[in-house]
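Residue strings, one per chain:
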Amino acid sequence: MGLDLNVSHDMLRHMINVVKPNKVLDDNDEALYVLQVIYGYKRKLHSKVKVEPLQTKIAKVKPAAQRVVEDKCISLLRSCRTRETLHQIQAQTVTHGLHHNDYVTPSFITTCARLCRMGHARKLFDTMPEPNTATWNAMFRGYSQLDSHRDVIVLFGKMNNAAAALPNCFTVPMVVKSCGKTNAVREGEQVHCFASKHGFKSNPFVGTALIDMYSTRGSIGDAYKVFGEMHEKNVVVWTAIINAYISCGDVVSGRRLFDLAPERDVVMWSTVVSGYIELGNMVSARELFNKMPNRDVMSWNAMLIGYADNGEVNFSDPLFLFFSPENLHSYSIWNLSSHCTGLSSSLPRAFGPPPPC
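Residues numbered from 1 in each chain as written. Predicted model: local features only at pLDDT ≥ 70, side-chain atom pairs only at ≥ 80, totals over all residues. Heavy atoms only, no water.

Draft legend 1. Spotlight on the environment of Ser 107. Residue placement: Ser 107 occurs in helix H5 (residues 104–114). The exposure class assigned to Ser 107 is buried, which follows from its relative accessible area of 15%. Discounting chain neighbours no more than four positions away, the residues touching Ser 107 are Ile 74 and Leu 77. (Helix = DSSP H or I, 4+ residues; strand = E, 2+ residues; numbered from the N terminus. Buried < 20%, exposed > 50% of the residue type's maximum accessible area, 1.4 Å probe, protein only. Contact = heavy atoms within 4.5 Å.)

Draft legend 2. Spotlight on the packing of H5 against helix H6 (residues 118–126). Interaxial distance between H5 and H6 falls to 8 Å at its minimum, and their mutual angle equals 155°. The pairing of H5 with H6 is recorded here as roughly antiparallel in orientation. Between H5 and H6, the residues in contact are Thr 105, Phe 108, Ile 109, Cys 112 and Ala 113 and Met 118, His 120, Ala 121, Leu 124 and Phe 125, respectively. (Axes fitted to C-alpha atoms, helices over the stretch in contact; angles between N-to-C directions. Parallel < 35°, antiparallel > 145°, perpendicular 65-115°, else oblique.)

Draft legend 3. View of helix H14 (residues 251–260). Every buried residue of H14 is accounted for by Val 251, Ser 253, Gly 254, Arg 255, Leu 257 and Phe 258. Taken together, the buried residues of H14 touch helix H12 (220–229), helix H13 (235–247), helix H15 (266–278) and helix H16 (282–291).

Draft legend 4. How the structure looks around the side chain of Ser 299. Topologically, Ser 299 is positioned in helix H17 (residues 297–309). Not counting the four nearest positions on each side in its chain, Ser 299 is found in contact with Val 266, Ser 270, Phe 289 and Met 292.

Draft legend 5. A look at the pattern of salt bridges. Using the criterion set out here, one finds six salt bridges in the structure. A salt bridge links Asp 259 to Arg 255; the shortest N-O distance between them is 3.2 Å. Placement of the pair is Asp 259 and Arg 255 together in helix H14, with a separation of four residues, close to one helical turn. (Salt bridge = Lys/Arg side-chain N within 4 Å of Asp/Glu carboxyl O.)

Draft legend 6. Examining unusual backbone geometry more closely. Positive phi outside glycine occurs at Asp 147, with the angle close to 60°. With respect to the secondary-structure elements, Asp 147 resides in the loop between helix H7 (133–145) and helix H8 (149–162). Asp 147 sits in the exposed class, given a relative accessible area of 59%. The phi dihedral of Asn 183 is positive, around 55°, even though this residue is not glycine. For Asn 183, the position within the fold is in the loop between helix H9 (171–181) and helix H10 (185–197).

Written out as structure tokens, the structure is:
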């Protein structure tokens, strides 16, 4: 059964059949809009009320009716869960002339990505004469979500050549991320130059993506240069550069930046704690963990797994005494690590028997 996107036109169709009984109309026929306007226009003429020109009223009514159909299409696309439904919605967008619509098409591409149908989205995208920036970004996001990072880079080159739509602060981070994932050094540097030329280098999203890209390939000097050139550095940017040094094995520099950070959240704290754990330095990890003003599930998991992996679980340690058994996720991971390291027999009685493997 097909999907019905029609706005309530039954009364309009009836009126049209009365006036022009032999006229066959489709949903996009101008008469559906014109008749609605004329009907109200003539009533005002009979009442001798001053009215605006008929063409002006038609120009106002038609966009409003189209927006209703656009919103309906977008709503259906957001709730779409099957390929069959996707094809039905697409058929309706073609019927209503919305298959190249600047608002509907990005939602259609997003739905295709969710259903792993980016090839289908690309076919529609390639037929569009001048896609807007939101449509380009939907394609980049879809490819990125499906780990088709090479397609992101190639498509970005086409976007620059087309020059019909300009990349924005949401475009650049996605492309930079894809360059880092594919180790596309030359392309990544070109995107960096583009970001600098167009004033994006101080944007937190762009800067964080560039830091991650350079640190992924071990270019920590370039990552720090990006960090130093940023005028506004929020906690996410500081965490990115700290993680960059830690991922390159330089926990000392990461800790030094951590101490200089004007603001710290639980993610930043956990990043440095995890860096010490990866080095097997549980003393420093525990020291920093004890200073944390707030701890989340990941913080506890990092410490518990760290002790288990290093064979240093001491159940008389206050860490385990203060650990809440209500945190089932951490408890499960701790039990799993304990089983793997042969420590399950030492589980504290306060937590009850370990769950079966």
